[in-house]
Amino acid sequence: MTLWIVLAAVLAAGWFSNRYAWWRRPVDWRRPRVLMYHMVSPHRPGAKFNGLRVTPQRFEAQLAWLKREGWHFFTVSELWEQWDTLPAKSVAISFDDGYADNLHNALPLLEKYDARATIYMVVDRHDRDWSTAKKAHHNTGELAREPKLSDDELQRLVASGRIEIGSHTLTHINMRATAADDKRRELAESRRLLQAQSGQAVASFAYPFGIYGDEDVALAREAGYTTAVTTIDGIDARTPRPDPLQLKRIKVSGKDNMLAFVMRMRGGKRGWKK
């Protein structure tokens, strides 16, 4: 019996260490963090993509912690523009895709905690299940049914003065499987349309699925973007300056509790990843 108790304790300790990475050295607070979200909405029983759904209660708890701990909020473009003079504890919140809950659930909480965010919009986002462009078996239609921001709702976000609109391409393409000319059109045309809809200069881009290569970085630069975010998990160095078209992000999962969020803000990565 004692042996089984010891074994269970060892396994529990290993699980805890892997999940929360408590042993990882804190990353210098002077290095800015970029957070990656998708939805702020309740979980749905049996849904495949609940990891993309951070509940409003948990999102508020995260914002409250950031505010209480003295973090300074920026959009992604603001973060890069002020990179060399940023205060310690600088953070940019980002959302991918353009879900309607970004307005209805996230914005009131951003306003409550005096926070800002960048939303990376898919232009042709309605009734589209782009998850199949990465993995063909992701054909549940769950993301297609998820309400997306209308053009009027996008303008309400912009009118708040707290939201930067960025591009996530026209149709959320898989860049690895798309011809160069089509990628060029997706990047340039999405930027043009979003600028017309939002009245903002659209200067930031998010690679769909986080899939990209050197050609795509060059195409983003050619299309006029000054920053681009990836899904590479981590925190960029303050100096030397990173490539602004390959910024890392901290992924915030709807399955993470508050301790996991705090530890990721502290160390930048999940579990045993280096």
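From a predicted model like this one, the values you see are computed outputs, not experimental measurements. (Residues numbered from 1 in each chain as written. Predicted model: local features only at pLDDT ≥ 70, side-chain atom pairs only at ≥ 80, totals over all residues. Heavy atoms only, no water.)

(A) The arrangement of the nonpolar core in detail. In this structure, Leu-35, Tyr-37, Phe-59, Leu-63, Ile-93, Phe-95 and Met-265 are the most contacted members of the largest nonpolar core, which totals 52 residues. Those residues in contact with Ile-93, other than ones at most four positions away along the chain, are Leu-35, Tyr-37, Leu-63, Phe-73, Phe-74, Leu-110, Arg-116, Ala-117 and Thr-118. With 12 residues, the next largest nonpolar core counts Phe-74, Trp-83, Val-229 and Leu-247 among its residues. (Core = buried A, V, L, I, M, F, W, Y, C linked by side-chain atoms within 4.5 Å. Buried < 20%, exposed > 50% of the residue type's maximum accessible area, 1.4 Å probe, protein only. Contact = heavy atoms within 4.5 Å.)

(B) Seen up close, the side chain of Asn-50. Assignment of secondary structure puts Asn-50 in the loop between strand S2 (39-40) and strand S3 (53-54). The exposure class of Asn-50 is buried, given its relative accessible area of 11%. Sequence-distant contacts of Asn-50, that is, excluding residues within four places in its chain, are made with His-43, Arg-44 and Gly-254. (Helix = DSSP H or I, 4+ residues; strand = E, 2+ residues; numbered from the N terminus.)

(C) Geometry of the environment of Glu-60. By the element assignment, Glu-60 lies in helix H2 (residues 56-68). We classify Glu-60 as partly exposed; its relative accessible area is 22%. Expressed as a C-alpha distance, the spacing of Glu-60 and Leu-110, which sit 50 residues apart in the sequence, is 8.5 Å. In contact with Glu-60, not counting residues within four places along its chain, are Leu-109, Lys-112 and Tyr-113. Of note is the side chain of Glu-60, whose polar atom sits 2.8 Å from the side chain of Tyr-113. (Polar contact = N/O pair within 3.5 Å; in protein donor to acceptor, adjacent residues only side chain to side chain.)

(D) Molecular detail of the packing of H2 against helix H4 (residues 101-112). Between H2 and H4, the shortest axis-to-axis distance is 10 Å and the interhelical angle comes to 25°. Accordingly, the angle class assigned to the pair H2 and H4 is roughly parallel. Regarding H2 and H4, the two cross each other, and that crossing is right-handed. On the side of H2, the interface is formed by Pro-56, Phe-59, Glu-60 and Leu-63, while H4 contributes Asn-105, Ala-106, Leu-109, Leu-110 and Lys-112. (Axes fitted to C-alpha atoms, helices over the stretch in contact; angles between N-to-C directions. Parallel < 35°, antiparallel > 145°, perpendicular 65-115°, else oblique. Left-handed = near helix turned anticlockwise from the far one by under 90°.)

(E) Spotlight on the packing of helix H6 (residues 151-159) against helix H7 (residues 180-198). With their axes 9 Å apart at the nearest point, H6 and H7 run at an angle of 70° to one another. It follows that H6 is roughly perpendicular to H7 by the angle criterion. Of H7, the residues touching H6 (which contributes Asp-151, Leu-154, Gln-155 and Val-158) are Leu-194, Gln-197 and Ser-198. Among the residues making up the contact of H6 with H7, the classes are represented as three nonpolar, three polar and one charged. (Nonpolar A, V, L, I, M, F, W, Y, C, P; charged D, E, K, R; others polar.)

(F) Local environment of unusual backbone geometry. Residue Pro-240 follows Thr-239 across a cis peptide bond; omega there is -5°. Despite not being glycine, His-172 shows a phi value in the positive range, around 60°. Mapped onto the elements, His-172 comes out in the loop between strand S7 (163-167) and H7. Since its relative accessible area comes to 4%, His-172 is described here as buried. One non-glycine residue, Phe-209, lies in positive phi territory at about 65°. Structurally, the position occupied by Phe-209 is in the loop between strand S8 (204-206) and helix H8 (214-222).

(G) Representation of H7. Along its 19 residues, H7 runs 27 Å from first to last C-alpha, staying within 8% of the 27 Å computed at 1.5 Å per residue. Inspection of H7 places Lys-183, Glu-186, Leu-187, Ser-190, Leu-194 and Ser-198 among the buried residues, and these make up the whole buried set. Down the axis, H7 shows its buried residues gathered within 90° of arc, on one side only. Exposed residues pointing more than 90 degrees away from the buried face of H7 are listed as Asp-181 and Ala-196. (Expected span 1.5 Å × (residues − 1). Arc of directions from axis to C-beta.)

(H) Layout of the pairing of strand S9 (residues 227-233). The buried fraction of S9 is high, at six of seven residues. Bridge count between S8 and S9: three bridges; the pairing is parallel. Bridging from a neighbouring strand, Phe-205 pairs with Ala-228 of S9. Taking the sense of rotation as the criterion, the β-α-β connection linking S8, H8 and S9 turns out right-handed. (Pairing = 2+ DSSP bridges. Right-handed = clockwise from strand over helix to strand, strands pointing away.)

(I) Region of the structure containing H8. Those residues of H8 not exposed but buried are Asp-216, Val-217, Leu-219 and Ala-220. On an axial view of H8, the arc spanned by its buried residues comes to 165°, and they lie on one face.

(J) Quick look at the packing of aromatic side chains. The final tally for this structure, using the stated rule, is nine aromatic pairs. Plain terms: the ring middles of Tyr-37 and Phe-59 are 5.2 Å apart, the flat faces sit at 80° to each other, and that makes the pair edge-to-face. Linking Tyr-37 in strand S1 (residues 33-37) with Phe-59 in helix H2, this pair joins segments that are 22 residues apart in sequence. By the burial criterion, Tyr-37 is buried, and Phe-59 matches it. Judged by centre distance (4.3 Å) and plane angle (15°), the rings of Tyr-207 and Tyr-212 are stacked. One aromatic cluster is present, formed by Phe-205, Tyr-207, Tyr-212 and Tyr-225 through successive ring pairs. Taking the ring centre of Trp-29 as reference, the NZ or CZ of Lys-89 above it sits at 5.5 Å. Sitting over the ring of Trp-80, Arg-241 keeps its end group 4.4 Å from the ring centre. (Phe/Tyr/Trp six-rings, centres within 6.5 Å; stacked < 30°, edge-to-face > 60°. Lys NZ or Arg CZ within 6 Å of the ring centre and 35° of its normal.)

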